[in-house]
Amino acid sequence: MRKKFVAGNWKMNTTPEQGVELVKNILRSIGHSCASANYIVCPPFTHLSEIVKVARGTAIRIGAQNCAEESKGAYTGEVSAEMIAATGASYVILGHSERRQYYGETSDGLNKKMRQTYSNGLVPIYCVGETLEERESGKLWDVVKAQVEEVVFHLSEVEFRHLIVAYEPVWAIGTGKVATAAQAQEMHAFIRKVLTAKFGDLAAKTPILYGGSVKPENAAEIFAMEDVDGGLVGGASLNAADFLAIGDGFRED
Ligand code: PEP
């Protein structure tokens, strides 16, 4: 049985005050939720310390959306994994398609970020996914395989045991176009096969989350797929009721 996760990626949304209020709203209702998922919220850096305090001792864990490639020094504007860990956060999203697309993130840089993440005891949520053009030209398998191999294959077995993968088809992020449950399952099974080629049976335990326009209305169908272990949720994670309703996609009744 793999661990199930519902992780919210707030992106560049909310002020610190609004973020605290959002977490408090989630916490007010989480007691009524029978979901068997683990909840993670990933606010902007500026909110981390305060939100960690609000969530301490609750069922919600906190993550950042990125970290620096280097450990410290003259890197104006960067935030190190050590700084993130010091806030009490436990996860870091790495390789989100918006960062690959707008900030030119490559596998080389992501390998450095992975090193920083593990050295500071954080768990990476490593994102992979193809563009619409890559899907339509049939390159999707090669693209996702390369994104996995070029980064995840550099991990030790110990590190690999503490990895979450997120499959996020770029064409489904923030577009309202969601992959069908069958498309998600097909790619998740493929990713697991690629991971198994390197890490053997350990890959059976790796949580692989689906991301891309997940909503309360479509979560249960996607989460029912064998190799889908939860969701990385953007837009819908900014609403407490929707975020929890997505977690209810795992309700065991
Ligand atoms: C995301 O950015 O990780 C994401 C999945 O966004 P959305 O749910 O809004 O498509």
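Above this text is the structure in question.
Residues numbered from 1 in each chain as written. Predicted model: local features only at pLDDT ≥ 70, side-chain atom pairs only at ≥ 80, totals over all residues. Heavy atoms only, no water.

1. Description of the overall build of the chain
Helix and strand counts for the chain come out as eleven helices and eight strands. Seen through its C-alpha atoms, the chain measures out along the principal axes to roughly 50 × 45 × 35 Å. Counting all 253 residues of the chain, 53% fall into the buried class. Taking as baseline every contact in the chain between residues at least 6 positions apart, the subset at least 24 positions apart corresponds to 72%. Total accessible area on the chain stands at roughly 11600 Å², and carbon and sulfur atoms take up 50% of it. (Helix = DSSP H or I, 4+ residues; strand = E, 2+ residues; numbered from the N terminus. Buried < 20%, exposed > 50% of the residue type's maximum accessible area, 1.4 Å probe, protein only. Contact = heavy atoms within 4.5 Å. Areas by Shrake-Rupley, 256 points an atom, 1.4 Å probe, with all protein chains shown as cover.)

2. Overview of helix α10 (residues 216–223)
Structurally, the α-helix is built with 3.6 residues per turn, so residues lying three or four positions apart point the same way. For α10, every residue scored as buried is listed here: Asn218, Ala219, Ile222 and Phe223. The buried residues of α10 occupy an angular sector of 125° when projected down its axis, which confines them to one face. Relative to its buried face, α10 has exposed residues pointing more than 90 degrees away, namely Glu217 and Glu221. (Arc of directions from axis to C-beta.)

3. Description of the site of the ligand
Inspection of the region around the ligand gives 14 residues, with Lys11, His96, Glu168, Gly174 and Ser213 positioned closest. A distance of 2.8 Å is found between an oxygen atom of the ligand and a side-chain nitrogen or oxygen belonging to His96. One of the side-chain nitrogen or oxygen atoms of Glu168 is found 2.7 Å away from an oxygen atom of the ligand. In isolation the ligand has 300 Å² of accessible area, and contact with the protein removes 96% of it. (Near = heavy atom within 4 Å. Polar contact = N/O pair within 3.5 Å; in protein donor to acceptor, adjacent residues only side chain to side chain.)

4. A look at the layout of surface pockets
In this structure, the largest pocket spans a volume of roughly 500 Å³. The wall of the largest pocket is formed by 21 residues, among which Lys11, Met12, Gln65, Arg99 and Tyr103 lie closest to the centre. Here the lining of the largest pocket takes three residues from helix α4 (residues 97–102), the largest share from any one element. In terms of residue class, the lining of the largest pocket is made up of ten nonpolar, seven polar and four charged. (1 Å grid on protein atoms, 1.4 Å probe; cavity = no way out; pocket = protein on both sides within 12 Å on 5 of 7 lines; lining within 4 Å. Points joined across faces, edges and corners; volume = space filled by probe spheres on them. Nonpolar A, V, L, I, M, F, W, Y, C, P; charged D, E, K, R; others polar.)

5. Overview of the pairing of strand β1 (residues 5–9)
By the criterion of burial, β1 is predominantly enclosed, with five of the five residues buried. The alternating pattern of β1 places Phe5, Ala7 and Asn9 on one face and Val6 and Gly8 on the opposite face, and all of these are buried. Pairing analysis gives five bridges linking β1 to strand β2 (residues 38–42), with the strands arranged parallel. Considered in β2, the bridge of Phe5 is made with Asn38. (Pairing = 2+ DSSP bridges.)

6. Some words on the sheet that holds strand β8 (residues 230–233)
On the basis of which strands lie adjacent, the closed barrel formed by eight strands has the order β1-β2-β3-β4-β5-β6-β7-β8 and parallel pairing. When the angles between neighbouring strand axes are averaged without regard to direction, this sheet yields 25°. Bridging between strand β6 (residues 164–167) and strand β7 (residues 208–211) involves three bridges; their strand directions are parallel. Across the sheet, the residue bridging to Ala166 is Leu209, located in β7. Along the sheet, helix α5 (residues 107–119) makes contact with β4 (91–94) and β5 (123–128), crossing β5 at roughly 160°. (Axes fitted to C-alpha atoms, helices over the stretch in contact; angles between N-to-C directions.)

7. A word on the pairing of strand β3 (residues 60–64)
Side-chain positions along a regular strand alternate between the two faces of the sheet. Buried residues dominate β3, accounting for four of its five residues. Here β2 runs beside β3; their pairing, made up of three bridges, is parallel. The residue bridging Tyr39 from the neighbouring strand is Ile60, located in β3. Traced from β2 through helix α2 (residues 48–55) to β3, the parallel crossover comes out right-handed. Pairing geometry for β3 and β4, over two bridges, is parallel. Directly across from Ala64, in β4, lies its bridge partner Val92. (Right-handed = clockwise from strand over helix to strand, strands pointing away.)

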